[in-house]
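Summary of the model geometry
Read off the chains here:
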Amino acid sequence: MVRYDGSSAEAWRSIVVVADNGHFMFDRAYMDYHEDRFDDCSFLVYRDQHLIGVVPGNIRGEAWCSHGGLTFGGLLLLPKFNRISVVKEVYDMLFSTLLGQGVKAALVKPVPWIYHRVPAEGEIYALNAIADARCLTEVTTTVDLKADAKPSSLRLRGRKRALKAGFSVVQSNDFSSFWKILSARLQEKYERMPVHSCEEIILLAARFPKQIKLFLVNDDQGIPQGGTVIFETETVAHAQYISATPDGMNNGALDLLFLEVIEQYRSIGKRYFDFGISTENDGKYLNEQLASFKEGFGGRSVVHHKFEIGL
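Note that this is a predicted model, so its numbers are computed, not measured. (Residues numbered from 1 in each chain as written. Predicted model: local features only at pLDDT ≥ 70, side-chain atom pairs only at ≥ 80, totals over all residues. Heavy atoms only, no water.)

1. Examining the pattern of salt bridges
Counted only if it meets this: Salt bridge, as used here: a side-chain nitrogen of Lys or Arg that lies within 4 Å of a carboxyl oxygen of Asp or Glu. A run of H or I in DSSP counts as a helix once it spans at least four residues, and a run of E counts as a strand once it spans at least two, with each numbered from the N terminus. For the exposure calls, accessible area comes from a 1.4 Å probe over protein chains only, and a residue counts as buried if that area is under 20% of its type's maximum, exposed if over 50%, partly exposed in between.
Scanning the entire structure with this criterion turns up 18 salt bridges. In this structure, the salt-bridge partner of arginine 47 is glutamate 89, at a minimum N-O distance of 2.7 Å. Taken together, the residues arginine 47 in strand β3 (residues 43–47) and glutamate 89 in helix α3 (residues 84–100) connect sequence positions 42 residues apart. Across the pair aspartate 148 and lysine 150 runs a salt bridge, and its minimum N-O distance is 3.1 Å. Judged by relative accessible area, aspartate 148 falls into the exposed class, the value being 62%. Among the ionic contacts, a cluster of salt bridges with common partners joins Lys109, Glu138, Asp282 and Lys306.

This is how it looks when you write it as C-alpha coordinates:
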(Lines give C-alpha, C1' and ligand atoms only; values in the text may rest on other atoms or scores of the structure.)
Protein backbone atom coordinates (compact mmCIF):
# COMPACT_ATOMS: atom_id res chain seq x y z
CA MET A 1 0.00 0.00 0.00
CA VAL A 2 1.55 3.27 -1.20
CA ARG A 3 0.35 6.80 -0.46
CA TYR A 4 -0.98 8.59 -3.54
CA ASP A 5 0.76 11.58 -5.05
CA GLY A 6 -0.03 13.62 -8.13
CA SER A 7 2.32 11.63 -10.37
CA SER A 8 0.01 8.59 -10.15
CA ALA A 9 -3.17 10.19 -11.51
CA GLU A 10 -3.32 8.03 -14.65
CA ALA A 11 -2.60 4.83 -12.74
CA TRP A 12 -5.34 5.83 -10.30
CA ARG A 13 -7.77 6.46 -13.15
CA SER A 14 -7.03 3.04 -14.67
CA ILE A 15 -8.65 1.49 -11.60
CA VAL A 16 -11.60 3.90 -11.35
CA VAL A 17 -12.80 3.34 -14.94
CA VAL A 18 -13.13 -0.45 -14.47
CA ALA A 19 -13.87 -0.93 -10.74
CA ASP A 20 -17.25 -2.47 -9.97
CA ASN A 21 -18.14 0.60 -7.90
CA GLY A 22 -16.17 3.25 -9.81
CA HIS A 23 -17.51 6.47 -11.29
CA PHE A 24 -16.24 9.85 -12.45
CA MET A 25 -16.21 11.52 -9.04
CA PHE A 26 -13.25 9.29 -8.10
CA ASP A 27 -11.25 10.63 -11.05
CA ARG A 28 -8.45 12.81 -9.71
CA ALA A 29 -9.53 15.55 -12.14
CA TYR A 30 -12.69 15.73 -10.07
CA MET A 31 -11.23 15.02 -6.62
CA ASP A 32 -8.40 17.50 -6.86
CA TYR A 33 -10.36 20.60 -7.87
CA HIS A 34 -10.55 21.46 -4.15
CA GLU A 35 -7.32 19.83 -3.01
CA ASP A 36 -6.38 22.95 -1.05
CA ARG A 37 -9.27 22.26 1.37
CA PHE A 38 -8.19 18.73 2.28
CA ASP A 39 -5.09 16.98 3.58
CA ASP A 40 -5.17 14.17 1.03
CA CYS A 41 -4.34 10.72 2.36
CA SER A 42 -5.30 8.39 -0.47
CA PHE A 43 -3.61 5.09 -1.19
CA LEU A 44 -2.65 2.87 -4.11
CA VAL A 45 -3.01 -0.87 -3.39
CA TYR A 46 -0.50 -3.30 -4.91
CA ARG A 47 -0.24 -7.06 -5.07
CA ASP A 48 2.95 -8.65 -6.45
CA GLN A 49 3.99 -5.16 -7.62
CA HIS A 50 0.80 -4.80 -9.71
CA LEU A 51 -1.73 -2.06 -8.96
CA ILE A 52 -5.03 -3.70 -7.97
CA GLY A 53 -6.95 -0.93 -6.22
CA VAL A 54 -7.20 2.60 -4.87
CA VAL A 55 -8.55 4.10 -1.67
CA PRO A 56 -9.55 7.81 -1.68
CA GLY A 57 -9.15 9.55 1.65
CA ASN A 58 -8.03 12.57 3.65
CA ILE A 59 -6.91 13.35 7.18
CA ARG A 60 -9.10 15.51 9.38
CA GLY A 61 -7.64 16.02 12.84
CA GLU A 62 -6.96 12.56 14.27
CA ALA A 63 -9.39 10.86 11.86
CA TRP A 64 -9.07 9.49 8.34
CA CYS A 65 -12.09 10.04 6.04
CA SER A 66 -12.92 8.38 2.74
CA HIS A 67 -13.17 11.14 1.39
CA GLY A 68 -14.31 14.38 3.04
CA GLY A 69 -14.72 16.11 -0.32
CA LEU A 70 -16.87 13.37 -1.86
CA THR A 71 -20.44 12.25 -1.25
CA PHE A 72 -19.11 8.75 -0.60
CA GLY A 73 -15.83 6.88 -0.89
CA GLY A 74 -14.59 3.44 0.08
CA LEU A 75 -12.40 0.90 -1.66
CA LEU A 76 -12.12 0.49 -5.44
CA LEU A 77 -10.58 -2.72 -6.80
CA LEU A 78 -9.96 -4.29 -10.17
CA PRO A 79 -13.01 -6.51 -10.80
CA LYS A 80 -11.11 -9.79 -10.48
CA PHE A 81 -10.02 -8.74 -6.99
CA ASN A 82 -13.50 -7.69 -5.84
CA ARG A 83 -13.68 -10.61 -3.43
CA ILE A 84 -14.66 -10.45 0.22
CA SER A 85 -11.33 -11.92 1.32
CA VAL A 86 -9.39 -9.24 -0.59
CA VAL A 87 -11.64 -6.46 0.72
CA LYS A 88 -11.01 -7.56 4.30
CA GLU A 89 -7.28 -7.87 3.65
CA VAL A 90 -7.04 -4.37 2.18
CA TYR A 91 -8.99 -2.77 5.01
CA ASP A 92 -6.84 -4.56 7.58
CA MET A 93 -3.76 -3.23 5.81
CA LEU A 94 -5.22 0.28 5.54
CA PHE A 95 -6.18 0.53 9.20
CA SER A 96 -2.82 -0.87 10.30
CA THR A 97 -1.04 1.73 8.13
CA LEU A 98 -3.18 4.57 9.50
CA LEU A 99 -2.68 3.43 13.09
CA GLY A 100 1.06 3.48 12.51
CA GLN A 101 0.72 7.11 11.40
CA GLY A 102 -1.06 8.11 14.60
CA VAL A 103 -4.59 8.12 13.21
CA LYS A 104 -7.16 7.18 15.85
CA ALA A 105 -10.38 6.76 13.87
CA ALA A 106 -11.61 6.04 10.35
CA LEU A 107 -14.80 7.30 8.72
CA VAL A 108 -15.87 5.27 5.69
CA LYS A 109 -18.95 5.79 3.52
CA PRO A 110 -19.02 3.07 0.82
CA VAL A 111 -20.55 3.69 -2.60
CA PRO A 112 -24.31 2.86 -2.47
CA TRP A 113 -25.39 -0.15 -4.48
CA ILE A 114 -27.35 1.79 -7.10
CA TYR A 115 -24.02 3.19 -8.37
CA HIS A 116 -22.41 -0.24 -8.77
CA ARG A 117 -21.71 -1.68 -12.19
CA VAL A 118 -22.17 -5.10 -10.60
CA PRO A 119 -22.81 -5.96 -6.91
CA ALA A 120 -19.96 -4.69 -4.73
CA GLU A 121 -21.21 -4.55 -1.15
CA GLY A 122 -18.52 -6.76 0.33
CA GLU A 123 -16.99 -3.82 2.16
CA ILE A 124 -20.25 -3.16 4.03
CA TYR A 125 -19.98 -6.64 5.49
CA ALA A 126 -16.24 -6.33 6.12
CA LEU A 127 -16.59 -2.97 7.89
CA ASN A 128 -19.65 -4.01 9.91
CA ALA A 129 -17.76 -7.09 11.17
CA ILE A 130 -15.10 -4.91 12.84
CA ALA A 131 -15.60 -4.92 16.61
CA ASP A 132 -15.20 -1.17 17.05
CA ALA A 133 -17.34 -0.21 14.04
CA ARG A 134 -20.44 1.93 14.42
CA CYS A 135 -22.75 1.99 11.40
CA LEU A 136 -24.93 5.02 10.73
CA THR A 137 -27.54 5.07 7.98
CA GLU A 138 -28.91 7.86 5.82
CA VAL A 139 -31.72 7.54 3.29
CA THR A 140 -31.92 8.77 -0.26
CA THR A 141 -34.92 8.63 -2.60
CA THR A 142 -34.42 6.88 -5.92
CA VAL A 143 -36.67 6.27 -8.90
CA ASP A 144 -36.21 2.86 -10.54
CA LEU A 145 -36.51 3.82 -14.20
CA LYS A 146 -37.32 0.27 -15.25
CA ALA A 147 -40.18 -0.08 -12.79
CA ASP A 148 -43.73 1.10 -13.38
CA ALA A 149 -43.82 3.65 -10.54
CA LYS A 150 -46.41 6.34 -11.23
CA PRO A 151 -46.07 9.97 -10.10
CA SER A 152 -48.60 11.21 -7.57
CA SER A 153 -51.61 13.31 -8.54
CA LEU A 154 -50.05 16.21 -6.59
CA ARG A 155 -46.95 16.21 -8.79
CA LEU A 156 -49.07 15.92 -11.94
CA ARG A 157 -51.18 18.89 -10.89
CA GLY A 158 -47.99 20.86 -10.29
CA ARG A 159 -46.81 20.11 -13.83
CA LYS A 160 -50.16 21.23 -15.22
CA ARG A 161 -49.86 24.50 -13.29
CA ALA A 162 -46.33 25.05 -14.63
CA LEU A 163 -47.38 24.48 -18.22
CA LYS A 164 -50.31 26.84 -17.79
CA ALA A 165 -47.85 29.49 -16.52
CA GLY A 166 -45.84 29.08 -19.72
CA PHE A 167 -42.87 27.27 -18.15
CA SER A 168 -40.62 24.96 -20.18
CA VAL A 169 -37.58 22.75 -19.48
CA VAL A 170 -34.29 23.22 -21.32
CA GLN A 171 -30.77 21.88 -20.98
CA SER A 172 -28.41 24.81 -20.46
CA ASN A 173 -24.90 25.96 -19.62
CA ASP A 174 -26.17 29.03 -17.76
CA PHE A 175 -24.82 27.92 -14.38
CA SER A 176 -24.50 31.54 -13.27
CA SER A 177 -28.25 32.20 -13.41
CA PHE A 178 -29.03 28.96 -11.62
CA TRP A 179 -26.40 29.60 -8.94
CA LYS A 180 -28.09 32.90 -8.09
CA ILE A 181 -31.38 31.07 -7.57
CA LEU A 182 -29.72 28.26 -5.63
CA SER A 183 -27.62 30.52 -3.41
CA ALA A 184 -30.57 32.76 -2.54
CA ARG A 185 -32.72 29.76 -1.60
CA LEU A 186 -30.04 28.10 0.54
CA GLN A 187 -29.20 31.35 2.28
CA GLU A 188 -32.83 32.10 3.05
CA LYS A 189 -33.75 28.61 4.23
CA TYR A 190 -30.56 27.24 5.77
CA GLU A 191 -28.21 30.23 6.05
CA ARG A 192 -25.55 28.46 4.01
CA MET A 193 -24.11 28.45 0.50
CA PRO A 194 -23.74 25.65 -2.09
CA VAL A 195 -20.85 23.24 -1.51
CA HIS A 196 -19.48 24.16 -4.94
CA SER A 197 -18.99 27.77 -5.92
CA CYS A 198 -20.31 28.79 -9.33
CA GLU A 199 -16.74 28.95 -10.65
CA GLU A 200 -16.05 25.42 -9.38
CA ILE A 201 -19.14 23.86 -10.93
CA ILE A 202 -18.36 25.56 -14.26
CA LEU A 203 -14.82 24.16 -14.08
CA LEU A 204 -16.05 20.64 -13.28
CA ALA A 205 -18.72 20.75 -15.99
CA ALA A 206 -16.01 21.71 -18.49
CA ARG A 207 -13.86 18.77 -17.34
CA PHE A 208 -16.79 16.32 -17.33
CA PRO A 209 -19.32 17.58 -19.90
CA LYS A 210 -20.88 14.12 -20.35
CA GLN A 211 -21.37 13.63 -16.63
CA ILE A 212 -22.38 17.08 -15.30
CA LYS A 213 -25.45 18.71 -16.83
CA LEU A 214 -27.76 21.59 -15.98
CA PHE A 215 -31.50 21.59 -16.67
CA LEU A 216 -33.46 24.81 -16.23
CA VAL A 217 -37.14 25.69 -16.05
CA ASN A 218 -37.67 28.94 -17.93
CA ASP A 219 -40.76 31.12 -17.86
CA ASP A 220 -42.44 32.42 -21.01
CA GLN A 221 -39.88 35.24 -21.16
CA GLY A 222 -36.97 32.78 -21.13
CA ILE A 223 -36.00 33.72 -17.56
CA PRO A 224 -34.89 30.79 -15.33
CA GLN A 225 -37.31 30.06 -12.48
CA GLY A 226 -35.69 26.83 -11.28
CA GLY A 227 -33.37 24.03 -12.19
CA THR A 228 -31.25 21.05 -11.23
CA VAL A 229 -27.63 20.03 -11.72
CA ILE A 230 -27.39 16.35 -12.65
CA PHE A 231 -24.33 14.19 -12.01
CA GLU A 232 -24.44 11.14 -14.31
CA THR A 233 -22.74 7.81 -13.74
CA GLU A 234 -23.18 4.67 -15.82
CA THR A 235 -26.23 3.61 -13.82
CA VAL A 236 -27.52 6.74 -12.08
CA ALA A 237 -28.64 10.27 -12.89
CA HIS A 238 -28.25 12.06 -9.54
CA ALA A 239 -29.77 15.45 -8.74
CA GLN A 240 -26.80 17.12 -7.08
CA TYR A 241 -28.53 20.50 -6.71
CA ILE A 242 -32.22 21.44 -6.86
CA SER A 243 -33.73 24.92 -6.48
CA ALA A 244 -36.41 27.31 -7.70
CA THR A 245 -37.45 30.93 -7.28
CA PRO A 246 -40.53 31.75 -5.16
CA ASP A 247 -42.50 32.18 -8.40
CA GLY A 248 -41.17 28.87 -9.66
CA MET A 249 -42.12 27.11 -6.42
CA ASN A 250 -45.64 28.56 -6.51
CA ASN A 251 -46.17 27.53 -10.12
CA GLY A 252 -44.96 23.92 -10.05
CA ALA A 253 -41.60 24.48 -11.76
CA LEU A 254 -39.92 21.56 -10.01
CA ASP A 255 -42.82 19.21 -10.78
CA LEU A 256 -42.51 19.99 -14.48
CA LEU A 257 -38.71 19.79 -14.31
CA PHE A 258 -38.43 16.37 -12.73
CA LEU A 259 -41.29 14.73 -14.57
CA GLU A 260 -39.62 15.73 -17.85
CA VAL A 261 -36.02 14.99 -16.83
CA ILE A 262 -36.91 11.60 -15.36
CA GLU A 263 -38.61 10.64 -18.62
CA GLN A 264 -35.57 11.78 -20.60
CA TYR A 265 -33.30 9.51 -18.58
CA ARG A 266 -35.76 6.64 -18.80
CA SER A 267 -35.85 7.00 -22.58
CA ILE A 268 -32.05 6.71 -22.93
CA GLY A 269 -31.87 3.63 -20.71
CA LYS A 270 -30.47 5.03 -17.47
CA ARG A 271 -31.23 2.62 -14.61
CA TYR A 272 -31.94 4.97 -11.69
CA PHE A 273 -32.78 8.60 -11.00
CA ASP A 274 -31.57 9.59 -7.54
CA PHE A 275 -32.79 12.67 -5.65
CA GLY A 276 -30.24 12.51 -2.84
CA ILE A 277 -30.64 12.19 0.90
CA SER A 278 -33.46 13.70 2.94
CA THR A 279 -31.82 13.15 6.31
CA GLU A 280 -29.71 15.26 8.66
CA ASN A 281 -27.71 14.67 11.83
CA ASP A 282 -26.15 11.39 10.59
CA GLY A 283 -29.54 10.08 9.51
CA LYS A 284 -31.28 10.62 12.82
CA TYR A 285 -33.59 13.33 11.47
CA LEU A 286 -35.77 12.77 8.41
CA ASN A 287 -37.13 15.76 6.51
CA GLU A 288 -40.48 14.11 5.87
CA GLN A 289 -41.80 16.87 3.62
CA LEU A 290 -38.74 16.65 1.38
CA ALA A 291 -38.86 12.86 1.27
CA SER A 292 -42.57 12.94 0.41
CA PHE A 293 -41.90 15.39 -2.45
CA LYS A 294 -39.32 13.01 -3.94
CA GLU A 295 -41.51 9.95 -3.42
CA GLY A 296 -44.21 11.75 -5.38
CA PHE A 297 -42.20 11.12 -8.56
CA GLY A 298 -42.17 7.38 -7.92
CA GLY A 299 -39.07 7.40 -5.72
CA ARG A 300 -38.37 4.80 -3.05
CA SER A 301 -35.83 4.61 -0.24
CA VAL A 302 -32.20 3.52 -0.65
CA VAL A 303 -29.94 3.39 2.40
CA HIS A 304 -26.45 4.91 2.56
CA HIS A 305 -24.11 3.34 5.12
CA LYS A 306 -21.49 5.33 7.03
CA PHE A 307 -19.03 3.61 9.34
CA GLU A 308 -17.17 5.13 12.27
CA ILE A 309 -14.29 2.87 13.29
CA GLY A 310 -11.98 3.25 16.25
CA LEU A 311 -8.41 2.30 15.47
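What follows picks up the thread again.
2. A closer look at unusual backbone geometry
In the segment running from serine 66 into histidine 67, the intervening peptide bond is cis, with an omega of 0°. Within the secondary structure, histidine 67 is located in the loop between β6 (63–66) and β7 (76–77). We note that asparagine 281 has phi near 55°; this positive angle belongs to a residue other than glycine. Of note, asparagine 281 is situated in the loop between β15 (279–280) and β16 (285–286). Of note, aspartate 282 is a non-glycine position whose phi angle comes to about 55°, a positive value. Secondary-structure assignment places aspartate 282 in the loop between β15 and β16. Classification of aspartate 282 by relative accessible area gives partly exposed; the value is 29%.

3. Describing empty space enclosed by the protein
Threshold: Within this scheme a cavity is a closed region of a 1 Å grid, computed over the protein atoms alone, that accommodates a 1.4 Å probe without allowing it to escape, whereas a pocket is open but has protein on both sides within 12 Å along at least five of seven lines; lining residues each have an atom within 4 Å of a point. Grid points are joined across faces, edges and corners, and a volume is the space filled by probe spheres set on the points. The classification used treats Ala, Val, Leu, Ile, Met, Phe, Trp, Tyr, Cys and Pro as nonpolar, Asp, Glu, Lys and Arg as charged, and all other residues, Gly among them, as polar.
Scanning the entire structure with this criterion turns up two cavities of 30 Å³ or more. If you add up the space inside the largest cavity, you get close to 80 Å³. Lining of the largest cavity is provided by Asp20, Asn21, Leu75, Leu76, Leu77, Asn82, Val87, Ala120 and Glu123. Class assignment of the residues belonging to the lining of the largest cavity gives a composition of five nonpolar, two polar and two charged. Within this model, the second largest cavity holds a volume of roughly 40 Å³. Considering the residues around the second largest cavity, the lining is formed by Pro110, Val111, Pro112, Trp113, Glu121, Ile124, Val303, His304 and His305.

4. Some points on the side chain of threonine 235
So the rule is basically this: In protein, a polar contact requires one atom able to donate a hydrogen and another able to accept it; more generally it is a pair of N or O atoms within 3.5 Å, and residues adjacent in sequence count only if both atoms are side-chain atoms.
Relative to the assigned elements, threonine 235 resides in the loop between β12 (224–232) and β13 (236–244). A polar contact of 2.7 Å, which involves the side chain of threonine 235, links it to the backbone oxygen of isoleucine 114.

5. Focus: helix α10 (residues 288–295)
What counts here: Our arc is simply the arc of the directions from the helix axis toward the C-beta atoms.
Three or more residues of α10 are buried, namely Ala291, Phe293 and Lys294. End-on, the buried residues of α10 take up no more than an arc of 155°, which puts them together on one face. Pointing more than 90 degrees away from the buried face of α10 are the exposed residues Glu288 and Gln289.

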